[in-house]
Amino acid sequence: MTQDELKLQVAQAAIDYVVADTIIGVGTGSTANFFIDELAKIKGKIKGTVASSEATAQRLKGHGIPVFDLNSVDEISVYIDGADEADAGLNLIKGGGGALTREKIVLAVAKKFVCIADESKKVKVLGKFPLPIEVIPMARSYVAREVVKRFGGEPVLRDGFTTDNGNVILDIHGLQITDPVAMENELNSIVGVVTNGLFAARNADVFLCGTHQGVQTLTAK
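Below is a short write-up of the structure. The written sequence of each chain sets the order in which its residues are numbered from 1. In keeping with the predicted nature of the model, local features appear solely for residues at pLDDT of at least 70, side-chain atom pairs appear and are counted solely at 80 or more, and the whole-chain, interface and lining totals rest on all residues. Computation of side-chain values: all heavy atoms of the structure, hydrogens and water removed.

**Observations regarding the overall build of the chain**
Operational definition: Numbered from the N terminus, helices here are DSSP runs of H or I no shorter than four residues, and strands are runs of E no shorter than two. Throughout this description, buried means an accessible area under 20% of the type-specific maximum (1.4 Å probe, protein chains only), exposed means over 50%, and partly exposed covers the range between. Only heavy atoms enter the contact rule, under which two residues are in contact if any of them lie within 4.5 Å. Using the Shrake-Rupley algorithm and a 1.4 Å probe, accessible areas are obtained, with residue cover drawn only from the displayed protein chains. Here the positive residues are Lys and Arg and the negative ones are Asp and Glu; neither His nor the chain ends is included. Every charge is mapped to an atom, namely NZ of Lys, CZ of Arg, CG of Asp or CD of Glu.
Of regular secondary structure, the chain possesses six helices and 13 strands. Residues classed as buried in the chain amount to 53% of the 221 residues present. Of the contacts formed within the chain by residues at least 6 apart in sequence, a portion of 74% connects residues at least 24 apart. With an accessible surface of roughly 10,000 Å², the chain has 50% of that area assigned to carbon and sulfur atoms. A distance of 1 Å separates the average location of the 23 positive side-chain charges in the chain from that of its 27 negative side-chain charges.

What follows is the structure, encoded as structure tokens:
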């Protein structure tokens, strides 16, 4: 199976977690796009969605799926999104698509988080995938110095990229993240950081992992 076929497999499996007559949160990225295309087939069963990025909102609207502003929503039944890495505790690195801040905000309102990804995203220790940090532009150099001082690694500015919030992304290469909750919290304490791509303080409840033998349903160990 190709990687796209594995992504489609988990996107189809995620439909079982969609709660009828509710508003659901939808993530950003290639796997989330497969899910949106599947969701379009049952769009009449839900009240609508909250999107984690402008790109996701456009794709949802293109399918005729209602998209609500989060400020008008009190509750989201489930948030469905991909990941760049996932460890055995279902701690994640996200943000390869640059939507990490809005993803975290939508997730904060959701009752349940279903992560969908193929088996290549499973790792023993997070950090091989560069950790994204969304940063206020004027703080870019300061934040990079603080990250190196506290954690090591190599911060690289994501060239030519601006988030939906008007900020920049620093991708931190060369990390081995053995305590993702502590690192997530400390990174967020650096002045100028909007948020970082560790989803550990609030991690996934379920990981639907696409494999060549079918979809594995994993919960945190």
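Moving on from the coordinates now.
**Things to note about the sheet that holds strand β9 (residues 168-173)**
Short version of the rule: Each pair of strands is called paired provided DSSP finds at least two bridges between the two strands. The convention used is that axes are lines fitted to C-alpha atoms, helices contributing only their stretch in contact, and that angles between N-to-C directions extend from 0 to 180 degrees.
Overall, antiparallel pairing links the four strands, which are arranged β8-β9-β7-β10 in an open sheet. A single partner strand is all that each edge strand has here, and the edge strands are β8 (154-157) and β10 (193-196). When strand polarity is set aside, the average angle formed by the axes of neighbouring strands in this sheet is 30°. As paired elements, strand β7 (residues 131-135) and β9 share five bridges and run antiparallel to each other. When the sheet's bridge partners are listed, Pro 132 is paired in β9 with Asp 171. With respect to the sheet, helix α4 (residues 100-109) is in contact with β7, β9 and β10, its orientation differing from that of β10 by roughly 70°. Those strands touched by helix α6 (residues 180-188) are β7 and β10, and its axis lies near 165° from that of β10.

**Section: the sheet that holds strand β2 (residues 48-51)**
Strand order in the open sheet formed by six strands is β2-β1-β3-β6-β12-β13, and the pairing between neighbours is mixed. Both edges of this open sheet fall to β2 and β13 (214-218), since each of them pairs with a single strand only. Pairwise comparison of adjacent strand axes, ignoring direction, gives a mean angle of 20° for this sheet. Where strand β1 (residues 23-26) lies against β2, four bridges are found, and the strand directions are parallel. The residue bridging Ile 24 from the neighbouring strand is Thr 49, located in β2. Strands in contact with helix α1 (residues 3-14) are β3 (79-81), β6 (113-118), β12 (206-211) and β13; relative to β12, the strand with the most contacts, it is inclined by about 145°.

**Remarks on the packing of helix α2 (residues 30-39) against helix α3 (residues 54-62)**
Any two packed helices are characterised by how steeply their axes cross, that is the angle between the axes, and by the distance between the axes. Convention followed: The scheme is simple: roughly parallel for angles under 35 degrees, roughly antiparallel for over 145, roughly perpendicular for 65 to 115, oblique for anything else. Left-handed describes a crossing whose near helix is turned anticlockwise from the far helix by less than a right angle; the clockwise case is right-handed. Residues are grouped as follows: nonpolar covers Ala, Val, Leu, Ile, Met, Phe, Trp, Tyr, Cys and Pro; charged covers Asp, Glu, Lys and Arg; every other residue, Gly included, is treated as polar.
Relative orientation of the contacting elements α2 and α3 amounts to 25°, with a least axis distance of 9 Å. By the criterion of interaxial angle, the relationship of α2 to α3 is roughly parallel. For the element pair α2 and α3, the recorded crossing hand is right-handed. Of the residues in α3, those in contact with Asn 33, Ile 36, Asp 37 and Leu 39 of α2 are Thr 56, Arg 59 and Leu 60. Of the residues contributing to the contact of α2 with α3, the split by class is three nonpolar, two polar and two charged.

**Observations concerning the nonpolar core**
Burial of nonpolar side chains together is a common tendency in soluble globular proteins. Let me state the cut-off plainly: The definition of a nonpolar core used throughout is a set of buried Ala, Val, Leu, Ile, Met, Phe, Trp, Tyr and Cys residues joined through side-chain atoms within 4.5 Å.
Of all hydrophobic cores here, the largest spans 24 residues; its most connected members are Val 18, Ile 24, Phe 35, Leu 39, Ile 80, Ile 116 and Leu 208. Top element by residues in this core is α1. It accounts for four residues. Excluding residues that lie within four positions of it along the chain, Val 18 makes contacts with Ile 24, Phe 35, Leu 39, Ile 42, Ile 46, Val 78 and Ile 80. Grouped together as the second largest cluster of nonpolar side chains are 20 residues, Leu 92, Ala 110, Cys 115 and Phe 207 included.

**Concerning the environment of Arg 102**
Along the chain, Arg 102 turns up in helix α4. For Arg 102, a relative accessible area of 25% translates into the label partly exposed. Separated by 110 residues in the primary sequence, Arg 102 and His 212 have C-alpha atoms spaced 32 Å apart. Setting aside anything within four residues of it in sequence, one finds Arg 102 in contact with Ser 52, Glu 54, Asp 164 and Asn 165.

Just distances and angles here, no functional claims.
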